[in-house]
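Okay, here's what each chain looks like letter by letter:
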Amino acid sequence: MRKKVLFFFALVFILSVTLTAYAEQPLAIYFEKTGEINTDVPFTAEDFTSHYEGDSPIQAIRFPSLPEEGTILLNGEPVQKLETIEESEFGSVVYRPTENFSGSVNLAWQASDGNEFSPDGTIKITIEDNTPIPDD
């Protein structure tokens, strides 16, 4: 009986430590952006800061995967997978869709509080083709 009670308290302690650590982990929240065909979609710093939850302010972001239809640019240069982008550069991030691409891409992103990166959040980017269709 005594072993069961000790096991129970050990299990409760481990779960409470695990849940406490998880609760403090930063979170990257889902958001959407829209753009037009053959046009870059710029991000603002607020896109990332307003879609972040954490006990400490957001310090950096990164992209754990890159889009199949397009490129993520930072100051005009392609971003590499898992490249850290500091908070001061958030407004210099741009999504450049593949030429003539229209549709949606889901882009995974992670946010850091300076200690650790969050699990993946998602940015849904929709590229619309608003080109007028000529009458026959």
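The shown structure was predicted, so the numbers you read here are calculated from the model rather than taken from an experiment.

K.L.:
Can you walk me through the overall build of the protein chain in this structure?
P.N.:
Across its full length, the protein chain holds 2 helices and 11 strands. Each helix and strand of the protein chain, ordered N terminal to C terminal, gives the series α-β-β-β-α-β-β-β-β-β-β-β-β. In the protein chain, buried positions account for 32% of the 136 residues. When contacts within the protein chain are restricted to residue pairs at least 6 apart in sequence, long-range pairs at least 24 apart make up 64% of them. For the protein chain, the computed accessible surface area is about 8,800 Å², with 53% contributed by carbon and sulfur atoms.

K.L.:
Got a minute to help me understand the nonpolar core in this structure?
P.N.:
The tendency in soluble globular proteins is for nonpolar side chains to be buried side by side. Counting residues in hydrophobic clusters, the biggest one holds 25 residues, and the most contacted among them are Phe48, Phe63, Tyr95, Trp109, Ile123 and Ile125. Listed by contribution, the elements that provide at least two residues to this core are strand S6 (71-74), strand S9 (93-96), strand S10 (103-112) and strand S11 (121-128). Residues within four places of Tyr95 in sequence aside, it is in contact with Asp40, Val41, Phe43, Pro67, Glu69, Gly70, Thr71, Ile72, Phe101, Val105, Ile125 and Ile127.

K.L.:
What is the right way to look at the pattern of salt bridges in this model?
P.N.:
One side chain can pair with another of opposite charge once the charged atoms of both are near each other. On inspection of all chains with the given rule, the structure shows 2 salt bridges. Residue Arg96 pairs with Asp40 through a salt bridge whose shortest N-O separation is 2.9 Å. With a gap of 56 residues between them, Arg96 in strand S9 and Asp40 in the loop between strand S2 (31-36) and strand S3 (41-42) connect regions that are remote in the sequence. Arg96 sits in the partly exposed class, given a relative accessible area of 40%.

K.L.:
Just to check I follow, could you spell out the packing of aromatic side chains for this structure?
P.N.:
To describe a pair of aromatic rings, you give the distance between the ring centres and the angle between the ring planes. Applying the stated criterion to the full structure yields 6 aromatic pairs. Of the aromatic side chains, those joined through ring pairs into one cluster are Phe31, Phe43, Phe48, Phe90 and Trp109. Positioned over the ring face of Phe117 is Arg62, at 3.8 Å from the centre of the ring.

K.L.:
Help me understand the pairing of S9, please; the structure alone is not making it clear to me.
P.N.:
Side chains on a regular strand alternate between the two faces of the sheet. As defined by bridge partners, S3 adjoins S9 across 2 bridges and the pair is classed as antiparallel. Residue Pro42 lies in a different strand from S9, and its bridge partner there is Val94. Summarising the sheet, S6 and S9 pair through 4 bridges and their orientation is antiparallel. Across the sheet, residue Leu74 finds its bridge partner in S9, namely Val93.

K.L.:
Before we go on, may I ask you to explain the side chain of Lys33 in this structure?
P.N.:
For Lys33, the position within the fold is in strand S2. Of the polar contacts made by the side chain of Lys33, one reaches the backbone oxygen of Pro42; its length is 3.2 Å. A polar contact is formed between the side chain of Lys33 and the side chain of Asp47, at a distance of 2.9 Å. With near-sequence residues (within four places) excluded, Lys33 lies in contact with Val41, Pro42, Phe43, Asp47, Ile123, Lys124, Ile125 and Thr126.

K.L.:
It is not clear to me how the sheet that holds S6 should be interpreted in this structure. Could you clarify?
P.N.:
Two pairing modes exist for strands in a sheet, parallel and antiparallel, and in both the strands are linked by backbone hydrogen bonds. The strand order S3-S9-S6-S7 describes an open sheet built from 4 strands, whose pairing is antiparallel. Across the chains shown, the open sheet's two edge strands, defined by having one partner strand only, are S3 and strand S7 (77-78).

Reading guide: rules and limits
- Residues numbered from 1 in each chain as written.
- Predicted model: local features only at pLDDT ≥ 70, side-chain atom pairs only at ≥ 80, totals over all residues.
- Heavy atoms only, no water.
- Helix = DSSP H or I, 4+ residues; strand = E, 2+ residues; numbered from the N terminus.
- Buried < 20%, exposed > 50% of the residue type's maximum accessible area, 1.4 Å probe, protein only.
- Contact = heavy atoms within 4.5 Å.
- Areas by Shrake-Rupley, 256 points an atom, 1.4 Å probe, with all protein chains shown as cover.
- Core = buried A, V, L, I, M, F, W, Y, C linked by side-chain atoms within 4.5 Å.
- Salt bridge = Lys/Arg side-chain N within 4 Å of Asp/Glu carboxyl O.
- Phe/Tyr/Trp six-rings, centres within 6.5 Å; stacked < 30°, edge-to-face > 60°.
- Lys NZ or Arg CZ within 6 Å of the ring centre and 35° of its normal.
- Pairing = 2+ DSSP bridges.
- Polar contact = N/O pair within 3.5 Å; in protein donor to acceptor, adjacent residues only side chain to side chain.

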